[in-house]
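Spelled out, the chains give:
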Protein chains: 2
Amino acid sequence: MVINWAVVAVGVSILSYIIAAIFYYKVSKLPTGNEKIEKIGSYIRKGSFTFLKREYKILFCFALIVSAIIFMFFPTPIWLQDNVLENVQMVIAYISGSVLSGLAGYIGISIATIANVKSAIAAKMGLAKSFTAAFRGGAVMGMAVVGTTLIGAAMLYIFFGNSDIILAFSFGASSLALFAKAGGGIFTKTADISADLTGKVELGIPEDDPRNPAVIADNVGDNVGDVAGMGADLFDSNIAAIAAAIVIAIPLGMVELIFCFGSLGLLASMIGVLLSRVGKKEKPSTALNRGTYLTCFIFVVLTLAAVIYCGYPIQLWGAAVIGMIAGVVIGITSNYFTGEDKKPVEQVAKSCENGPAFTILSGISYGFLSTLPALAGIGIAAIASYFLCDGLGSGYAMMGISISAIGMLSIVGMIISNDAYGPIVDNARGIAEMGELGDEVLEITDQLDAAGNTTKAITKGFAIGAAGLTVIALLAAFREIVFQQTGVLIGFDMMSPLVFFGALVGATIPAVFSAMLMFGVNKNSQVMVKEIHRQFEEIPGLKEGTAMPEYEKCIDIATIGAIKQLVPAGIMAIVATLIVGFVGGVQAVGGFLAGNIISGLLLAMMMSNAGGLWDNAKKYIEAGHFGGKGSDAHKAAVIGDTVGDPFKDTAGPSINTQITVVSLVASLAATLFIQFSIF
Amino acid sequence: MVINWAVVAVGVSILSYIIAAIFYYKVSKLPTGNEKIEKIGSYIRKGSFTFLKREYKILFCFALIVSAIIFMFFPTPIWLQDNVLENVQMVIAYISGSVLSGLAGYIGISIATIANVKSAIAAKMGLAKSFTAAFRGGAVMGMAVVGTTLIGAAMLYIFFGNSDIILAFSFGASSLALFAKAGGGIFTKTADISADLTGKVELGIPEDDPRNPAVIADNVGDNVGDVAGMGADLFDSNIAAIAAAIVIAIPLGMVELIFCFGSLGLLASMIGVLLSRVGKKEKPSTALNRGTYLTCFIFVVLTLAAVIYCGYPIQLWGAAVIGMIAGVVIGITSNYFTGEDKKPVEQVAKSCENGPAFTILSGISYGFLSTLPALAGIGIAAIASYFLCDGLGSGYAMMGISISAIGMLSIVGMIISNDAYGPIVDNARGIAEMGELGDEVLEITDQLDAAGNTTKAITKGFAIGAAGLTVIALLAAFREIVFQQTGVLIGFDMMSPLVFFGALVGATIPAVFSAMLMFGVNKNSQVMVKEIHRQFEEIPGLKEGTAMPEYEKCIDIATIGAIKQLVPAGIMAIVATLIVGFVGGVQAVGGFLAGNIISGLLLAMMMSNAGGLWDNAKKYIEAGHFGGKGSDAHKAAVIGDTVGDPFKDTAGPSINTQITVVSLVASLAATLFIQFSIF
């Protein structure tokens, strides 16, 4: 029996929506807390939606402009053809991608700002209940995001069967993700740094103290940065991987396989999510990791069965497994470099005793070291899957790489669930503290929070690895499109000066992009710190806790600042691609993408691992090592953590999305580069 | 009349030695100072030579091992041939390169440790005299280094006429330079950081205070790190550029042109050096820059005349001029990002008011930004010279790139002179302070020192730019060698998974290399800081200035630490190249080199500019801005400067040499990769 996997994908996606809806309903029906807690929760919820609305307003304008450009030029300038239908289809696909990506973020925020309160209250009834509330909240996001990806790609494929359309869909999703990630990242770190600097460092009040005017903004930041942003990031990698694979698979007649693996991956994630619960006396991180490994196992078994049943080449299944293993291995090495019980964290914590300069130097050094296993891992996965599938015939080798990206992302439903769990329990901890739920509850939320941090490092490594393989596939997709247009199978030979020039320029873009985002955080935090100082000076009784701070002022500053800063960095990356393409042509763009990928992966890995390392070195000292809280070593560690914050939560993970967007822009504009470039 | 430019090169080199000898004699005959100053001078001199001797002992062992390996395997394994003469020749060339490179360092240290004292004493007679003493000291180094390069390459070419031999010579020079730069860099920053942390920060005593046990080690560090190290770095770029150009030029019959440009560049530098003096009421930096621009002008005129007279294609002259302009432009942009009167320094200084975390974040952000103009500049120079010469026939395009590297390095004699001037006046300032020569003298030495810092940023940008173009040429040389061996003109297509894998791994090597060096500095400084604390505790009267510290203990620590750390990082880079080559073959190595070059240039530029920026932001605050010395902003700036020290003086500039060495290793081992690789 021939299975129409694109239709199956639609079915599985609908199933994932049903699970998401059930979880949503169950979490929102959990008992409510006292008035104070509800009030705090509603502050966070209101702040998050305010930011989202403003951000989406800007992005709506951006999408309108881009839609107009797409209509005018893509895939062919309208004045060069009689039939504008294809251009209209591209616009529809682009808008669908944007809207669905935005919707995924909206759903995520919507459930996260309910689950945080519920999880805090459930902690009164023990760790297991609290864990379930938070994890199911995360799972709503996970299921909704992956279901949306899959249903979008499948429907477009069923209706149009055209790779350009899928690329436009992916570009819509990615460009929105780029801004969501950058904007959310700037927001969250502006609030986090300002809250820490004024609260912990200057005033010596604990984290999440309700007297701190930035504390709500900090919690809002967790949602808009980590839930919506990280969700958008993985949504984008996932859809880009599918798009690249479809472009490569169409000439081979292998598109069904992609939907097969995608559907079974989502199915595996569903089962994994449904089975995830924390046992008695079990650490929450054990439960999270068990869920991930279980999902991997189910995926391997299901896909093996499907491949045998449908008669697909077994090598392609091998490629998917290789990608999955590479993802897990990269996650594990990230965990080594950032884990609280590992040598790097201990060494960095130790170097804090010699002052902040050594904290910074040792953290950056370990960050540099951590790039080798990760990048070599991506490279090995690429080679292995390439040569494994090379024997299947022309074009299959590249298909192997793209399938290994799909394999790595197969368990993305589970990954996003784990990932969204983090900020939910982080928020729950804050709400428990502000709502004065007592020490027992705080202890439970602390445990849940610690598990979130550990998982975060692993999923981040995973996200970067997945982006790495995806963009290699996108590079191949770019070449495939040029081949379809010109009939010439070009290479990107580093000995060609155009390619080399492109590579040099492309390599600087992630650096410039990161710099722009970090400047944004730097600038906004300075404004917010001033505002916090003002409130403490002008509001009588604030320090004593008898008056309320003006939370919304801080949320406003973070929002306005993030909105202002998020657009230029993204535009810079897109414009640089177009300039290189229109000047140097497709050769230069190929080099540009290669340079961009290489330096992007390097910097993303370095920044996100160094950031995680500093964070945990601080926690390690706070746990009583090297003098503990309040010691000079601790002060040095706090400085390291502050440097690491925008590294790991603003710049580092946004680079992923930057790489993908640039690759998609290149693929979409390939025809124009061929026709209009100077060289 | 046909000019034999290789012979001319020998003649010009001898002339440069004569000038060096005259300057050496003149400087050493300048009046001596009082006993105290002579004693301080002899401490520095002794310390520098002690380090050099120990370093050379290690490097001698290294060279012996490498000689044995070369004899066994290069260019062909001895058991595969009857005639071992070629292998012996390779060993001779390798050893010559090493010995001459070592000799250049020796001469540099030898004059620098005389000129520092003379310059300090001459400051009593005014700025002009002091400037001349220091500058001529630097010029001895400049002339000796460039003369040695040219005479070595010319003699080997005259005797053997074989590109392999020149590559082995270059490899000898580069591998020694790698260790000299890394070892010197670790030494100097260990001493500098330890002296600053204990002296300026803990005890609040001024820089160069003789009570500080690390103060002599700090001055020794300037010599072994900046004089010997930077000299070795530019020596290495220069010889590598010549070697790469010769490999490419031999099939075209264009080798004479390389010696023509090399000779005239050295001649131009000689004239520039001879005409350099500081006018009345003139800033020393004006004199230094005037010398550089004058040298450029003379080079352009002389080479134009020679090209017309000898009938060489004018396009090749154009390529040389393009390279020279690119070098100057990169120098100017480096100056923008690090200059004390420019916006970035002011902004970073301002962000110090918000604490050290912002100092670090803003510095790194500007460092990231600074990569774009530099890398784009290198790329544009490559494209422009490629297409300019492409019309001359097959092979000429790559010749264009290599000539543009030669053009950029043409004025290297002047650059090294300027560069060695820096540490000499830095030392002179220290000697004047320790020898209590009075405030007037200190004011003069301060002025000379400030000019040294400004020039340093420019020459560093220049050195990185030159390395960039050189390694592109080396990549071409690698391909040329593979072509000669196999008859196949390979490309390094980024779409080949082997190339891509190589590029990913290659890109991480500069990061890992930097991390290893910074760990070294980190580790050693901790040991030295402990030793300084011990001396202050155990030596009665040291704090009061009635007893002498044990300077040699600190020199010992820096020496032993540097010796231990310098070898592993270099070996790592070389071994990684061999592993990639023997596993992935020439394709993977091509990718490896490309990735290495791209990320190497990016990181080198970022680190050296961020480091220079922090240094000058600190000076800007010390000049009275944002609270001046002792303010919180100043403390934050000192932390930035401490992070920046190993960035700009250990890791950043060593990456240059790492890139060159790796490229040369690849070229030398190309035959073996072809025969014995797995893929």
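Worth saying up front: this structure is predicted, and the values here are computed from it rather than measured. (Residues numbered from 1 in each chain as written. Chains lettered and ligands numbered in written order. Predicted model: local features only at pLDDT ≥ 70, side-chain atom pairs only at ≥ 80, totals over all residues. Heavy atoms only, no water.)

> Teacher, can you tell me more about the overall build of chain A here?
Scanning chain A for helices and strands turns up 18 helices and zero strands. Scaling as 2.2 N^0.38, a compact globule of 679 residues should have a C-alpha radius of gyration of about 26 Å, and chain A matches this with 24 Å. Expressed along its principal axes, the backbone C-alpha trace of chain A runs to roughly 75 × 55 × 45 Å. Expressed as a percentage of contacts within chain A between residues at least 6 apart in sequence, the contacts between residues at least 24 apart total 84%. Summed over its atoms, the accessible surface of chain A is roughly 20,900 Å², and 64% of this surface lies on carbon and sulfur atoms. Side-chain charges of chain A comprise 40 positive and 48 negative groups, with the mean position of each set lying 5 Å from the other. (Helix = DSSP H or I, 4+ residues; strand = E, 2+ residues; numbered from the N terminus. Rg over C-alpha atoms; globule rule 2.2 N^0.38 Å. Contact = heavy atoms within 4.5 Å. Areas by Shrake-Rupley, 256 points an atom, 1.4 Å probe, with all protein chains shown as cover. Lys, Arg positive; Asp, Glu negative; His and termini not counted. Charge placed at Lys NZ, Arg CZ, Asp CG, Glu CD.)

> Help me out: how do you make sense of the interface of chain A and chain B in this one?
Residue-level contacts link 67 residues of chain A with 67 residues of chain B. Between chain A and chain B, the buried area comes to about 6,200 Å², and carbon and sulfur atoms account for 87% of it. Where chain A touches chain B, the interface holds zero salt bridges. At the boundary of chain A with chain B, the tally comes to six residue pairs in polar contact (both at pLDDT 80 or more). Contributions of two or more residues to the side of chain A that touches chain B are made by helix H5 (163-203), helix H11 (356-369), helix H12 (371-390), helix H15 (439-486), helix H16 (497-538), helix H17 (551-622) and helix H18 (632-676) of chain A. By residue number, the principal contributor to the side of chain A that touches chain B is H16(A), which donates 18 residues. (Buried area = accessible area lost by both parts, 1.4 Å probe. Salt bridge = Lys/Arg side-chain N within 4 Å of Asp/Glu carboxyl O. Polar contact = N/O pair within 3.5 Å; in protein donor to acceptor, adjacent residues only side chain to side chain.)

> Looking at this structure, how should I read the nonpolar core?
Among soluble globular proteins, nonpolar side chains are generally buried collectively. Phe647(A), Met399(B) and Phe647(B) are the most contacted members of the largest nonpolar core, which has 528 residues in total. Beyond its immediate sequence surroundings of up to four residues, Met399(B) is in contact with Ile248(B), Ala249(B), Leu252(B), Met254(B), Leu257(B), Ile258(B) and Leu316(B). (Core = buried A, V, L, I, M, F, W, Y, C linked by side-chain atoms within 4.5 Å. Buried < 20%, exposed > 50% of the residue type's maximum accessible area, 1.4 Å probe, protein only.)

> In this structure, what is going on with the packing of aromatic side chains? I would like to understand it.
Where two aromatic rings form a pair, the distance of their centres and the angle of their planes describe that pair. Overall, the coordinates contain 34 aromatic pairs over all chains when judged by the stated rule. On the basis of an interplanar angle of 5° and a centroid distance of 5.7 Å, the ring pair of Phe131(B) and Phe135(B) is categorised as stacked. Remark: Phe135(B) and Phe131(B) occur in helix H4 (residues 127-160); sequence separation between them is four residues, near one turn of the helix. With 6.2 Å between their ring centres and 85° between their planes, Phe261(B) and Phe299(B) make a pair best called edge-to-face. Taken together, the residues Phe261(B) in helix H7 (residues 255-275) and Phe299(B) in helix H8 (residues 284-310) connect sequence positions 38 residues apart. Each of the two residues, Phe261(B) as well as Phe299(B), counts as buried. Cluster of aromatic residues (ring-pair linked, three or more members): Phe131(A), Phe135(A) and Tyr421(A). (Phe/Tyr/Trp six-rings, centres within 6.5 Å; stacked < 30°, edge-to-face > 60°.)

> Please clarify how the layout of surface pockets should be interpreted in this entry.
Over the atoms a probe the size of a water molecule is rolled, and this reveals where empty space is left. Counted as a void, the second largest pocket has a volume near 580 Å³. As for the second largest pocket, its lining consists of 22 residues, and the residues nearest its centre are Gln347(A), Phe519(B), Asn522(B), Lys523(B) and Gln526(B). Listing elements by their share of the lining of the second largest pocket, those giving two or more residues are helix H10 (343-351) and H11 of chain A together with helix H15 (497-538) and helix H16 (551-622) of chain B. Considering only residue class, the lining of the second largest pocket consists of nine nonpolar, eight polar and five charged. (1 Å grid on protein atoms, 1.4 Å probe; cavity = no way out; pocket = protein on both sides within 12 Å on 5 of 7 lines; lining within 4 Å. Points joined across faces, edges and corners; volume = space filled by probe spheres on them. Nonpolar A, V, L, I, M, F, W, Y, C, P; charged D, E, K, R; others polar.)

> Explain the confidence of the model for chain A here, please?
Interpretation of this model should avoid reading the predicted coordinates in detail wherever pLDDT is low. In the predicted model, chain A carries a mean pLDDT of 90, and the fraction of residues at 70 or more is 100%. This prediction of the complex comes with two scores: 0.93 for pTM and 0.92 for ipTM. (pLDDT = per-residue confidence, 0-100.)

> Would you mind showing me how to read H7(B) here?
Every α-helix carries 3.6 residues per turn, so stepping three or four residues along brings you back to the same face. The end-to-end C-alpha distance of H7(B) is 31 Å, a good match for the 30 Å that 21 residues give at a rise of 1.5 Å each. Among the 21 residues of H7(B), 16 are classified as buried, and the element is accordingly described as predominantly covered. (Expected span 1.5 Å × (residues − 1).)

> What should I look at first to understand helix H6 (residues 215-249) of chain B in this one?
Residue and element names in this part refer to chain B. With 35 residues, H6 extends 49 Å from end C-alpha to end C-alpha; this agrees with the ideal 51 Å at 1.5 Å per step. Taking the largest bend as the criterion, H6 deviates by roughly 25°, centred on Gly229. Counting buried positions along H6 yields 35 of 35 residues, so the element is predominantly enclosed. (Bend = angle between axes of the 7 residues up to and from the residue.)

> Is there a simple way to think about the relation of the copies chain A and chain B in this case?
Both copies of the chain are tied together by a single rotation about an axis and a shift running along it. With an RMSD of 0.0 Å, the fit of chain A onto chain B corresponds to turning through 180° and sliding 0.0 Å along the axis. Seen this way, the second copy is the image of the first under a two-fold rotation axis. In terms of C-alpha distance to the rotation axis, chain A has Asp493(A) as its closest residue, with the C-alpha 2.0 Å off the axis. (Least-squares fit on C-alpha atoms with pLDDT ≥ 70 in both.)

> I keep staring at the pattern of salt bridges and nothing clicks. Help me out?
In a structure, side chains of opposite charge can pair up when their charged atoms sit close to one another. Residues and elements named next belong to chain A. Applying the stated criterion to the full structure yields 38 salt bridges over all chains. The partner of Lys189 in a salt bridge is Asp192, and the shortest N-O contact between them spans 2.9 Å. Here the residue Lys189 and the residue Asp192 both occupy positions in helix H5, the gap between them amounting to three residues, near one helical turn. Looking at Lys189, the relative accessible area reads 5%, which means it is buried. For Asp192, a relative accessible area of 10% gives the class buried. Residue Glu538 is joined to Arg534 by a salt bridge in which the shortest nitrogen-to-oxygen separation is 2.7 Å.

> Hey, could you run me through the side chain of Asp164(B) in this one?
With respect to the secondary-structure elements, Asp164(B) resides in helix H5 (residues 163-203). Those residues in contact with Asp164(B), other than ones at most four positions away along the chain, are Pro75(B), Met90(B) and Leu668(B).

> Looking at this structure, I do not really get the environment of Glu440(B). What am I missing?
Relative to the elements of secondary structure, Glu440(B) occurs in helix H14 (residues 439-486). Between the C-alpha atom of Glu440(B) and that of Val583(B), which follows or precedes it by 143 residues, the distance is 64 Å.

> Looking at this structure, I do not really get the side chain of Asn522(B). What am I missing?
Mapped onto the fold, Asn522(B) is located in helix H15. Reaching out from Asn522(B), the side chain makes a polar contact with the side chain of Gln526(B) at a distance of 3.0 Å. Residues contacting Asn522(B), with those up to four places away along its chain left out, are Phe358(A), Leu361(A) and Ser362(A).

> I keep staring at a nonpolar patch on the surface and nothing clicks. Help me out?
All names here are of chain B. On the surface, Phe71, Met72, Trp79, Leu80, Val84, Val88, Ile92, Phe582 and Phe676 cluster together into a nonpolar patch covering about 780 Å² of accessible area. Looking at the element boundaries, Val84 is found in the loop between helix H2 (35-73) and helix H3 (85-122). Val84 sits in the partly exposed class, given a relative accessible area of 33%. (Patch = residues over 30% accessible without salt bridge, like charges linked within 9 Å, V, L, I, M, F, W, Y side chains within 5 Å.)

> Looking at this structure, how should I read the state of the cysteines?
What is meant by a disulfide is a covalent connection between two cysteines, made through their sulfur atoms. Under the definition given, this model contains zero disulfides over all chains. No disulfide involves Cys310(B); its nearest neighbouring cysteine sulfur is the one of Cys260(B), lying 5.8 Å away. As a non-bridged cysteine, Cys352(B) has Cys352(A) as the owner of its nearest cysteine sulfur, 20 Å distant. (Disulfide = S-S within 2.5 Å.)

> Teacher, can you tell me more about unusual backbone geometry here?
Trans peptide bonds make up most of the peptide bonds, and negative phi angles are found at most residues other than glycine. The phi torsion at Phe626(A) lies on the positive side, around 50°, for a residue other than glycine. Inspection of the secondary structure assignment puts Phe626(A) in the loop between H17 and H18.

> How do you make sense of the packing of helix H12 (residues 396-409) of chain B against H14(B) when you look at a structure like this?
A packed helix pair is summarised by two numbers, namely the angle formed by the two axes and the spacing between the axes. Residue and element names in this part refer to chain B. H14 packs onto H12 with a crossing angle of 150° between their chain directions and a minimal axis gap of 9 Å. Relative to H14, H12 is oriented roughly antiparallel. Handedness of the H12/H14 crossing: left-handed. Of the residues in H14, those touching H12 at Met398, Ile401, Ser402, Ser404, Ala405, Met408 and Leu409 are Phe462, Gly465, Ala466, Leu469, Thr470, Ile472, Ala473, Ala476 and Arg479. Residue composition of the contact of H12 with H14, grouped by class: 11 nonpolar, four polar and one charged. (Axes fitted to C-alpha atoms, helices over the stretch in contact; angles between N-to-C directions. Parallel < 35°, antiparallel > 145°, perpendicular 65-115°, else oblique. Left-handed = near helix turned anticlockwise from the far one by under 90°.)

> Would you mind showing me how to read the packing of helix H11 (residues 356-390) of chain B against helix H17 (residues 632-676) of chain B here?
Residues and elements named next belong to chain B. Two elements in contact, H11 and H17, have axes whose closest approach is 8 Å; the angle formed by their N-to-C orientations is 45°. With respect to H17, the element H11 is oriented oblique. Taken as a pair, H11 and H17 cross one another with a handedness that is right-handed. Between H11 and H17, the contacting residues are Pro356, Thr359 and Ile360 on the first element and Ala636, Ala637, Ile639, Gly640 and Val643 on the second.

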